[in-house]
Amino acid sequence: MRVLIVEDSVLLREGLVRLLEDAGHEVVAALPDARDVVEEVDRTEPDLCILDVRLPPTFIDEGIRAAIQLRRRDPKLAVLVFSQYVEERYASELIAQPGGAVGYLLKDRVTDVAEFLESLDRIAEGATVLDPEVVAQLLTRRARDEKMQRLTERERQVLSLIAEGRNNAAISRLLFISAGAVEKHITSIFQKLDLDQDEQGNRRVLAVLAHLEATGAPGPVGPAPERGQTGTER
């Protein structure tokens, strides 16, 4: 099997090269980042690409986005995302692409070299191989997303303004609705997101977190209190 590796850690990259070569595979390229991965895939024609999620220059999601790009160009290309992290935002998109031949394994959970090599063979043969922890996190995210779908458009607007750090009075002015209407929308948001009342008043913070996770928006300037009229305004 011809394998292309994209891994920024030199020790892990060289370790994978040695492991695969010792197992009888050919490593056609071992790259420290994904900048030239498309060109290298065209040049070397690998059977399988192994990519980390977080790669230079930002160490956020370059690897998994590169994996999605490669699969879009060639749905038959086998791809393994091999990382310490579950990048939920793009993992579902990668797995849902047609063609099979995709894997997502977590580095810290690989405890048997023989099983790891077997997983590579299965992916190269067209199977989908996912670490159970990846599946669990994606299912949890889907449940959160389904809750967000319960919100009306107006409730989404209110929640977005809460995430910006607006207090109830500011939301009332910006949306041209009464303070009472804002209160009703917020109560409805809490109910639809299954956020129970607590003594610390954390429901507003939890609602903001749900919004940020669903939209990928930047964090709030500072959430306002749950019921009061004080808080950050801009």
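Our structure is the block above this text.
Remember, it's a predicted structure, so these values are computed and weren't measured experimentally.

Novice: Which residues make up the packing of helix 3 (residues 62–73) against helix 4 (residues 88–96), and what values do they have?
Specialist: Contact geometry of helix 3 with helix 4 gives a least axis separation of 10 Å together with a crossing angle of 20°. Taken together, the axes of helix 3 and helix 4 are roughly parallel relative to one another. Seen from above, helix 3 lies across helix 4 with left-handed handedness. Each of Ile-64, Arg-65, Ala-67, Ile-68, Arg-71 and Arg-72 in helix 3 lies in contact with helix 4, whose residues at this interface are Tyr-90, Ala-91, Glu-93 and Leu-94.

Novice: Got a sec to walk through the nonpolar core? Specific residues and values, please.
Specialist: Of all hydrophobic cores here, the largest spans 30 residues; its most connected members are Leu-4, Val-37 and Tyr-104. Examining the composition of this core, we find that 5 residues originate from one element, helix 3, more than from any other. Tyr-104 has contacts with Val-53, Ile-64, Leu-80, Val-81, Tyr-85, Val-86, Glu-87, Ala-91, Val-129, Leu-130, Asp-131 and Val-134, leaving out every residue within four places of it along the chain. Within the second largest apolar cluster, 19 residues are counted, among which are Ile-171, Leu-193, Ala-207 and Val-208.

Novice: I'd love a proper account of helix 5 (residues 113–124), names of residues and values included.
Specialist: Three- or four-residue spacings in an α-helix give side chains the same orientation, since the helix completes a turn every 3.6 residues. Between the first and last C-alpha of helix 5 there are 17 Å, a value that for 12 residues agrees with the 16 Å anticipated at 1.5 Å per step. Where helix 5 is buried, its residues meet helix 1 (10–22), strand 3 (48–51), strand 4 (78–83), strand 5 (102–106) and strand 6 (128–130). Its side-chain oxygen placed 2.9 Å from the backbone nitrogen of Ala-114, Asp-112 serves as the N-cap of helix 5. At the C-terminal side of helix 5, Gly-126 shows a positive phi close to 110°.

Novice: Give a detailed account of the environment of His-25, specifying residues and quantitative values.
Specialist: By the element assignment, His-25 lies in the loop between helix 1 and strand 2 (26–31). Residue His-25 is classed as buried on the basis of its relative accessible area, which comes to 14%.

Novice: With reference to specific residues and values, describe the packing of aromatic side chains.
Specialist: Under the criterion given, the structure shown has 1 aromatic pair. Judged by centre distance (5.1 Å) and plane angle (35°), the rings of Phe-82 and Phe-116 are tilted. Residue Phe-82 is found in strand 4, and its partner Phe-116 is found in helix 5; the two are separated by 34 residues along the sequence. Judged on exposure class, the residue Phe-82 and its partner Phe-116 are both buried. Sitting above the plane of the Tyr-85 ring, Arg-54 keeps its charged end 3.6 Å from the centroid.

Novice: Can you lay out the sheet that holds strand 6 for me, pointing to particular residues and giving the numbers?
Specialist: Pairing is parallel across the open sheet formed by 6 strands, whose spatial order is 2-1-3-4-5-6. Of all the strands in the sheet, just strand 2 and strand 6 have a single pairing partner and so form its edges. Pairs of neighbouring strands in the sheet enclose a mean axial angle of 15°, with direction left out of account. The pairing of strand 1 (residues 2–6) with strand 2 spans 5 bridges and is classified as parallel. Residue pairing for strand 2: Leu-4 is matched across the bridge by Ala-29. Its contacts with the sheet place helix 5 against strand 3, strand 4, strand 5 and strand 6, and it is angled at close to 145° to strand 4.

Novice: Just give me the short version of the pairing of strand 4, but keep the residues and values in it.
Specialist: Here strand 4 lies mainly inside the structure; 6 of its 6 residues are buried. The two faces of strand 4 match: Ala-78, Leu-80 and Phe-82 on one face and Val-79, Val-81 and Ser-83 on the other face are all buried. Here strand 3 pairs with strand 4 via 4 bridges, running parallel. Of the residues in strand 4, the one forming a bridge with Ile-50 is Leu-80. Of the crossover connections in this fold, the one passing from strand 4 over helix 4 to the parallel strand 5 is right-handed.

Novice: Hey, could you go over the packing of helix 4 against helix 6 (residues 132–148) for me, with residue numbers and the actual values?
Specialist: Across the interface, helix 4 lies against helix 6 with an axial gap of 10 Å and an inter-helix angle of 105°. Classed by the angle they form, the pair helix 4 and helix 6 counts as roughly perpendicular. Packed against helix 4, whose contacting residues are Glu-88, Arg-89, Ala-91, Ser-92 and Ile-95, the element helix 6 presents Gln-137, Leu-138, Arg-141 and Arg-144 at the interface. Residues of the contact of helix 4 with helix 6, tallied by class, amount to 3 nonpolar, 2 polar and 4 charged.

Novice: Go over the environment of Val-10 with me, naming the residues and quoting the values.
Specialist: Structurally, the position occupied by Val-10 is in helix 1. Between the C-alpha atoms of Val-10 and Ala-30, which are 20 residues apart in sequence, the distance is 9.6 Å.

Conventions used here
Residues numbered from 1 in each chain as written. Predicted model: local features only at pLDDT ≥ 70, side-chain atom pairs only at ≥ 80, totals over all residues. Heavy atoms only, no water. Axes fitted to C-alpha atoms, helices over the stretch in contact; angles between N-to-C directions. Helix = DSSP H or I, 4+ residues; strand = E, 2+ residues; numbered from the N terminus. Parallel < 35°, antiparallel > 145°, perpendicular 65-115°, else oblique. Left-handed = near helix turned anticlockwise from the far one by under 90°. Contact = heavy atoms within 4.5 Å. Core = buried A, V, L, I, M, F, W, Y, C linked by side-chain atoms within 4.5 Å. Buried < 20%, exposed > 50% of the residue type's maximum accessible area, 1.4 Å probe, protein only. Expected span 1.5 Å × (residues − 1). Polar contact = N/O pair within 3.5 Å; in protein donor to acceptor, adjacent residues only side chain to side chain. Phe/Tyr/Trp six-rings, centres within 6.5 Å; stacked < 30°, edge-to-face > 60°. Lys NZ or Arg CZ within 6 Å of the ring centre and 35° of its normal. Pairing = 2+ DSSP bridges. Right-handed = clockwise from strand over helix to strand, strands pointing away. Nonpolar A, V, L, I, M, F, W, Y, C, P; charged D, E, K, R; others polar.

These results come straight from atomic positions and should not be treated as a statement about function.
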